[in-house]
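If you want the building blocks of each chain, they are given just below.
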There are 2 protein chains.
Amino acid sequence: MQRYFVPESAWNGNIVTIKDDDAHHIHRVMRFKEGDQVICNHPDGSAAICNLIAVGSDEVRLEVEDWLNESVELPIEVTIAQGLPKGDKLDLILQKGTELGASSFIPFQAERSVVVWDNKKIEKKMKRFSKIVKEASEQSHRNKVPEIKSPMTMSALLKESQKYDVKIFAYEEEAKIVDFQSFGTLLNKLKKDQSLFVCIGPEGGFSPKEAETLRDNNFYPVRLGPRILRTETAALYALASISYHFEELRCN
Amino acid sequence: MQRYFVPESAWNGNIVTIKDDDAHHIHRVMRFKEGDQVICNHPDGSAAICNLIAVGSDEVRLEVEDWLNESVELPIEVTIAQGLPKGDKLDLILQKGTELGASSFIPFQAERSVVVWDNKKIEKKMKRFSKIVKEASEQSHRNKVPEIKSPMTMSALLKESQKYDVKIFAYEEEAKIVDFQSFGTLLNKLKKDQSLFVCIGPEGGFSPKEAETLRDNNFYPVRLGPRILRTETAALYALASISYHFEELRCN
């Protein structure tokens, strides 16, 4: 069933009012009629099967038929902090990362980030990013749309990371050291509803200085397999492994 | 160090002769000179540090300095059979699948594949695909370049799959059945050097008839997390989980 993420202001008791792009999608793209059903997701993560009661070009009204008791969210909260990569790689990370269950994304300006985003570009980019994660959330039947924070400096990132239960960064050099803890060991430390902060470098990875700073701030270095991954593949490896560990590894 | 996959015919005792694109890359792109070092990978999976002894536009000669004792190949052999997807999604699957350690790829014509490849296109496509996996192998420091088989029908695919130790297919409907075995349980069945066949449907997944055929041929249905993944994300989820399971889950 088609699914729409509907902002809080659109909910009024059992009545939901959808406007703008999603109204257009319901009316013109899907050509739904009164009596058809879609799923509406509330920003709090809940979702309801709703009946269309009035379909217009500008506005669609729906009535809640049944609240769903489903969740496909990861049992832990995962934030992906991504060193600004080149080109449109961040688009791929946001789309695939949303499918794979990330709770939020933070782009950050790393020492080896080749691109610098000026303030003019950021607003336009953030709009596109929001659209990407919303559509990926709908497609993958997520209960929540991940949050995308504005690009941060490393020091803002460190401050932001303080509230997380476990913090890791992808660092192949470090992983060669004998006393490092494996990614598996670190995931085993996490319990349901706890939070994990995953920090991925841009092309070229972290500088030794950044790695030292991260370690000083209680980030654990991890290896994501022995092969050298492109920056956009690292976040996807981490998220797929987290899903596998918490959602599919059970033995039955 | 820069790495090149060199065909068997180029090796003669301790001397390696590189021609064509790679010679151009060494000479014109990297501007290496006599005395510089690169890593040459032999098709058998071994690799050597080599000294450049003669650099020309058409041909480069190297001498083996030291054989490397390294392997970053997955401990099990994984074949990804991918239902033909739309657009250039197969490019992404081949590039990321190579980074993540796949041994071979088999595109196949699934019931719900929207595209049909005619024979004229296949040759051109296969050439591009070979280039993608070779470059991704060099970039990710693989010991071997994955093989890409020509597109198959479902019946040819079933025949091909017979020699594998464990066979799975991504099927969310099936995963809702109570007695299914989790992806983790199935990976636990595999020992070092055994082989796994992973079959992924195109957009829209497998038809119920295809799912029945696969099950009749000893394929296990698996769920790749509870979220709905796009077809190109499914192969990457499977490979990342396999790497995590066999290479990173160890507890130390």
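The structure under discussion appears in the preceding block.
So, here is what we can say about the structure in this document. (Residues numbered from 1 in each chain as written. Chains lettered and ligands numbered in written order. Predicted model: local features only at pLDDT ≥ 70, side-chain atom pairs only at ≥ 80, totals over all residues. Heavy atoms only, no water.)

**Concerning the relation of the copies chain A and chain B**
In step 1: You can overlay chain A on chain B at an RMSD of 0.0 Å; the transform is a turn of 180 degrees with a shift of 0.0 Å along its axis. The symmetry that links the two subunits is that of a two-fold axis. Distance from the rotation axis, computed per C-alpha, reaches its smallest value in chain A at Ser241 of chain A: 2.5 Å.
In step 2: Comparing interface residues between copies, 100% of those in chain A also sit at the interface in chain B, which points to an isologous, same-surface contact. (Least-squares fit on C-alpha atoms with pLDDT ≥ 70 in both. Contact = heavy atoms within 4.5 Å.)

**Some details on the interface of chain A and chain B**
In step 1: Across the boundary between the two partners, chain A contributes 44 residues, which contact 44 residues of chain B.
In step 2: Applying the counting criterion to the chain A and chain B interface returns eight salt bridges.
In step 3: Where chain A touches chain B, the interface holds 36 residue pairs in polar contact (both at pLDDT 80 or more).
In step 4: Sorting the residues of the side of chain A that touches chain B by element identifies α2 (89-99), α3 (119-139), α6 (183-188) and α8 (231-248) of chain A as the ones contributing at least two each.
In step 5: Here the side of chain A that touches chain B gets 10 residues from one element, more than from any other, and that element is α8 of chain A.
In step 6: Of the residues contributing to the side of chain A that touches chain B, the split by class is 17 nonpolar, 16 polar and 11 charged. (Salt bridge = Lys/Arg side-chain N within 4 Å of Asp/Glu carboxyl O. Polar contact = N/O pair within 3.5 Å; in protein donor to acceptor, adjacent residues only side chain to side chain. Helix = DSSP H or I, 4+ residues; strand = E, 2+ residues; numbered from the N terminus. Nonpolar A, V, L, I, M, F, W, Y, C, P; charged D, E, K, R; others polar.)

**Considering the packing of aromatic side chains**
In step 1: Inspection of every chain in the model, using the stated rule, returns 17 aromatic pairs over all chains.
In step 2: Measuring from centroid to centroid gives 5.7 Å for Phe197 of chain A and Phe219 of chain A, while their planes differ by 80 degrees, and the two rings are edge-to-face. Separated by 22 residues along the polypeptide, Phe197 of chain A in strand β11 (residues 195-200) and Phe219 of chain A in the loop between α7 (208-216) and β12 (220-222) bring together distant segments of the chain. We note that Phe197 of chain A, like Phe219 of chain A, is buried.
In step 3: Aromatic ring contacts, followed pair by pair, group Phe108, Phe169, Tyr171 and Phe206 of chain A into a single cluster.
In step 4: The ring of Trp117 of chain B has Lys125 of chain B lying over it, and the distance from NZ or CZ to the ring centre is 4.8 Å. (Phe/Tyr/Trp six-rings, centres within 6.5 Å; stacked < 30°, edge-to-face > 60°. Buried < 20%, exposed > 50% of the residue type's maximum accessible area, 1.4 Å probe, protein only. Lys NZ or Arg CZ within 6 Å of the ring centre and 35° of its normal.)

**A short note on α7 of chain A**
All names here are of chain A.
In step 1: Within α7, burial applies to Glu210, Ala211 and Leu214. Projected down its long axis, α7 shows its buried positions confined to an angular sector of 100 degrees, all on one face. Away from its buried face, by an angle of more than 90 degrees, α7 presents the exposed residues Pro208, Lys209 and Asp216.
In step 2: Elements in contact with the buried residues of α7: α4 (154-161), β10 (166-170) and β11.
In step 3: Remark: Asn218 follows α7 within two positions and exhibits a positive phi of approximately 65 degrees. (Arc of directions from axis to C-beta.)

**Section: the packing of α2 of chain A against α8 of chain A**
Residue and element names in this part refer to chain A.
In step 1: Running from N to C, α2 and α8 point in directions that differ by 10 degrees, and their axes come no closer than 9 Å. As the angle between them shows, α2 and α8 are arranged roughly parallel. Contacts between α2 and α8 involve Lys89, Leu92, Ile93, Lys96 and Gly97 from the former and Thr231, Glu232, Ala235, Leu236 and Leu239 from the latter.
In step 2: Across the contact of α2 with α8, the residue classes break down as five nonpolar, two polar and three charged. (Axes fitted to C-alpha atoms, helices over the stretch in contact; angles between N-to-C directions. Parallel < 35°, antiparallel > 145°, perpendicular 65-115°, else oblique.)

**Topic: unusual backbone geometry**
All names here are of chain A.
In step 1: In this structure, Asp20 is a non-glycine residue whose phi angle is positive, near 55 degrees.
In step 2: Tracing the backbone through its elements, the reader meets Asp20 in helix α1 (residues 20-29).
In step 3: Although it is not a glycine, Asp193 adopts a positive phi angle of roughly 70 degrees.
In step 4: Relative to the helices and strands, Asp193 resides in the loop between α6 and β11.
In step 5: Look at Asp193 and you get exposed, because its relative accessible area is 62%.

**Regarding the nonpolar core**
In step 1: Core analysis: the largest hydrophobic core is formed by 80 residues, its most contacted members being Phe183 and Leu196 of chain A together with Phe183 and Leu196 of chain B.
In step 2: Ignoring any residue separated from it by four or fewer positions in sequence, one finds Phe183 of chain B in contact with Tyr244 and Glu248 of chain A together with Ile168, Val222, Arg223, Leu224, Tyr237, Ala238, Ser241 and Ile242 of chain B. (Core = buried A, V, L, I, M, F, W, Y, C linked by side-chain atoms within 4.5 Å.)

**Notes on the pattern of salt bridges**
In step 1: Inspection of every chain in the model, using the stated rule, returns 32 salt bridges over all chains.
In step 2: Linking Asp193 of chain A and Lys192 of chain A is a salt bridge whose minimum nitrogen-to-oxygen distance equals 3.8 Å. Like Asp193 of chain A, the residue Lys192 of chain A is exposed in the burial classification.
In step 3: A salt bridge links Arg227 of chain A to Glu247 of chain B, with the shortest nitrogen-to-oxygen separation between them at 2.8 Å.

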